[in-house]
Amino acid sequence: MPNLETRMPDLLRRAAAGLRADEAFERRTLRRARRRRARNASAAALAAIALAAGLALGARTVLTAGLTPADGANGPLPTSSVSPTPSPGSPVDEGLPTPVRQTRDAILAAIEARDFGALETLIDPDRFAYNFSDGHDPVPEWRRDPAPLEALAAILRMPFATREGTPELGTIYVWPSLVDADLTNLTDEERAMLTELGISEREVRRMLEAFGAYVGPRTGIAQDGTWVFSTLGGD
Amino acid sequence: MPSVTERTERAGTATTSLEELYRRHVDDALALGFLLTGDRALAEDLVQDAFVRVLGRFHDLRSRDAFWWYLRRTIVNLANSHFRRRRVERAWLERQRPDPAAPPGPDLEERDRLLAALATLRPEQRAAVVLRYLEDLSEADVADALGRPVGTVKSMVSRGMDRLREELGEDA
């Protein structure tokens, strides 16, 4: 008899044979998908997020919003513990307005302390978008599974980029600066950032093929210090 | 039988509607979900959630060819999250008995033995083995789908197969 490795494809196919989605399943799935799509398209915050996500400016292809593969699909989250908040005057903070820096530092401190109450106070549900379409209050989810916070802390310690948001929001400070990266010509610093985030070269190629830009974990704070969005690839 | 990847590539980059993408991938998605969970109802829930998430953002996709990659990865991640969050592996093992709602197969005993053997693997190890052999992905592609280093995937697949051989009573 052929060895198990040789027979595995057939064994697996036979084990799953006969599975068919019925029409009711199709209707339910497509109805939910259309609803989700409509919500994505209509959310007022997306206009600002699209700009902030680094996907819609300059010569880049205009996309309506950043897409992040759902539920951790951006690759493994960093497992290291939270490292120190960048100190005032740190090169990565150059040009960062005080309200923005204060919010950034408060987020990092709350993550380090696993202080979910503090995180809740930093989020205005009326002005915050989480994973673009998955709600405006991620804290209950973070309480259940705090793993995404490690990625959030990691990107907030990296250099930032800026985007012009809506007239109401003004300039949005976006982490990490990888949103500006030319994925076809990464610098050593950008490669190091991707490595820290656990994003492989293959994943970078996928991002480039599918979106033409970095669509990994990212977050944005408006110039007045309002935390406006976060997307971690983790729902 | 062509792999899903081959079928996706064959489909090309022509404009594809949401419904077409759903119909093209739903059977493969259900098969993957079923083999990862061993439970048809749970597989349907995971697959539906995955479609909703990926189709819900599908207008952002620059390349339709990337759809299956994102969908597959989302299914795997949702399955892993499910097992991680709810710690139901033990319950899952206990549930391994003939399922009247399960699809009819040519050899139910063989299927049940395989599902029971797969159930002894850790969720991520199970995903590595299923992706490697169901989809005929290279170890590098499995690593890409799981977001893990290739070396880790090689080890997961190798140990997973050793375990399956043991569970199925086969010689190396």
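A quick note: this is a predicted structure, and the numbers were derived from the prediction, not measured.

Caption draft 1: Main features of the nonpolar core. With 110 residues, the main nonpolar core has Met8, Leu119 and Trp142 of chain A as its most contacted residues. Of the domains in this structure, domain 1 (1-42) and domain 2 (45-231) of chain A are the two that each give at least three residues to this core. When neighbours within four sequence positions are excluded, Met8 of chain A is seen to be in contact with Leu114, Val129, Tyr133, Met161 and Leu164 of chain B.

Caption draft 2: Seen up close, the packing of helix H8 (residues 139-146) of chain B against helix H9 (residues 150-168) of chain B. Residue and element names in this part refer to chain B. For the pair H8 and H9, the least separation of the axes is 8 Å and the interaxial angle reads 105°. Overall, the two elements H8 and H9 adopt an arrangement that is roughly perpendicular. For the pair H8 and H9, contact is made by Glu139, Ala140, Val142, Ala143 and Leu146 and by Val150, Val153, Lys154 and Met156, respectively. Grouping the amino acids of the contact of H8 with H9 by side-chain chemistry returns seven nonpolar, no polar and two charged.

Caption draft 3: Quick peek at the side chain of Asp39 of chain B. By the element assignment, Asp39 of chain B lies in the loop between helix H2 (18-37) and helix H3 (40-56). Separated by 2.8 Å, the side chain of Asp39 of chain B and the backbone nitrogen of Leu42 of chain B make a polar contact.

Caption draft 4: Inspection of the side chain of Arg163 of chain A at higher detail. All names here are of chain A. With respect to the helices, strands and loops of the structure, Arg163 is situated in strand S2 (residues 161-164). Judged by its relative accessible area of 6%, Arg163 is buried. Only 2.4 Å separates the side chain of Arg163 from the side chain of Asp180, close enough to count as a polar contact.

Caption draft 5: Region of interest: the confidence of the model for chain B. Per-residue pLDDT for chain B averages 77, and the proportion of residues at 70 or more is 70%. Long-range and interchain partners of residues 1-15 of chain B, a stretch whose pLDDT sits below 50, account for 21 contacts in this model, where long-range means more than four residues apart.

Caption draft 6: The packing of helix H7 (residues 123-134) of chain B against H9 of chain B, seen in detail. All names here are of chain B. One way to put it is that H7 packs onto H9 with a least axis distance of 9 Å and a crossing angle of 95°. Taken together, the axis directions place H7 and H9 in an arrangement best described as roughly perpendicular. Between H7, through Glu124, Gln125, Ala128, Val129, Arg132 and Tyr133, and H9, the contact on the second element is made entirely by Met156, Val157, Arg159, Gly160, Met161 and Leu164. A class-by-class count of the residues in the contact of H7 with H9 yields seven nonpolar, two polar and three charged.

Caption draft 7: Structural detail: the pattern of salt bridges. Throughout the structure, instances matching the rule amount to 21 salt bridges over all chains. Linking Arg202 of chain A and Asp141 of chain B is a salt bridge whose minimum nitrogen-to-oxygen distance equals 2.1 Å. Of the two residues, Arg202 of chain A is situated in helix H9 (residues 201-210) and Asp141 of chain B in helix H8; the pairing between them involves two chains. Where Glu203 of chain A meets Arg73 of chain B, a salt bridge forms, and the shortest distance between an N and an O atom there is 3.0 Å. Pair noted here: Glu203 of chain A is in helix H9 and Arg73 of chain B is in helix H4 (residues 66-86), and the two residues belong to different chains. For the pair formed by Glu203 of chain A and Arg73 of chain B, the shared burial category is buried. Through salt bridges that share partners, Asp93, Arg101, Arg104 and Asp105 of chain A make up one connected network.

Caption draft 8: How the structure looks around the environment of Asp28 of chain B. Assignment of secondary structure puts Asp28 of chain B in helix H2. Sequence spacing of Asp28 of chain B and Glu135 of chain B is 107 residues, and the spatial spacing of their C-alpha atoms is 9.3 Å.

Caption draft 9: Looking closely at the sheet that holds strand S1 (residues 129-130) of chain A. Residues and elements named next belong to chain A. Reading across from one edge, S1-S5-S4-S3-S2 is the order of the five strands in this open sheet, with mixed pairing throughout. Of all strands in the sheet, those with a lone pairing partner are S1 and S2, marking the two edges. Docked against the sheet, helix H7 (residues 147-156) engages S1, strand S3 (171-175), strand S4 (218-222) and strand S5 (227-231), running at close to 60° with respect to S4.

Caption draft 10: Focus on the packing of aromatic side chains. All names here are of chain B. If you walk through the whole model with that rule in mind, you get seven aromatic pairs over all chains. Seen from their ring centres, Phe51 and Phe67 are 6.3 Å apart, and the 35° between their planes marks the pair as tilted. Placement of Phe51 in helix H3 and of Phe67 in helix H4 is noted, with a sequence separation of 16 residues between them. Per residue, the accessibility class of Phe51 equals that of Phe67, and both read buried.

What counts, and at which threshold
Residues numbered from 1 in each chain as written. Chains lettered and ligands numbered in written order. Predicted model: local features only at pLDDT ≥ 70, side-chain atom pairs only at ≥ 80, totals over all residues. Heavy atoms only, no water. Core = buried A, V, L, I, M, F, W, Y, C linked by side-chain atoms within 4.5 Å. Buried < 20%, exposed > 50% of the residue type's maximum accessible area, 1.4 Å probe, protein only. Domains from an automatic or database assignment. Contact = heavy atoms within 4.5 Å. Axes fitted to C-alpha atoms, helices over the stretch in contact; angles between N-to-C directions. Helix = DSSP H or I, 4+ residues; strand = E, 2+ residues; numbered from the N terminus. Parallel < 35°, antiparallel > 145°, perpendicular 65-115°, else oblique. Nonpolar A, V, L, I, M, F, W, Y, C, P; charged D, E, K, R; others polar. Polar contact = N/O pair within 3.5 Å; in protein donor to acceptor, adjacent residues only side chain to side chain. pLDDT = per-residue confidence, 0-100. Salt bridge = Lys/Arg side-chain N within 4 Å of Asp/Glu carboxyl O. Pairing = 2+ DSSP bridges. Phe/Tyr/Trp six-rings, centres within 6.5 Å; stacked < 30°, edge-to-face > 60°.

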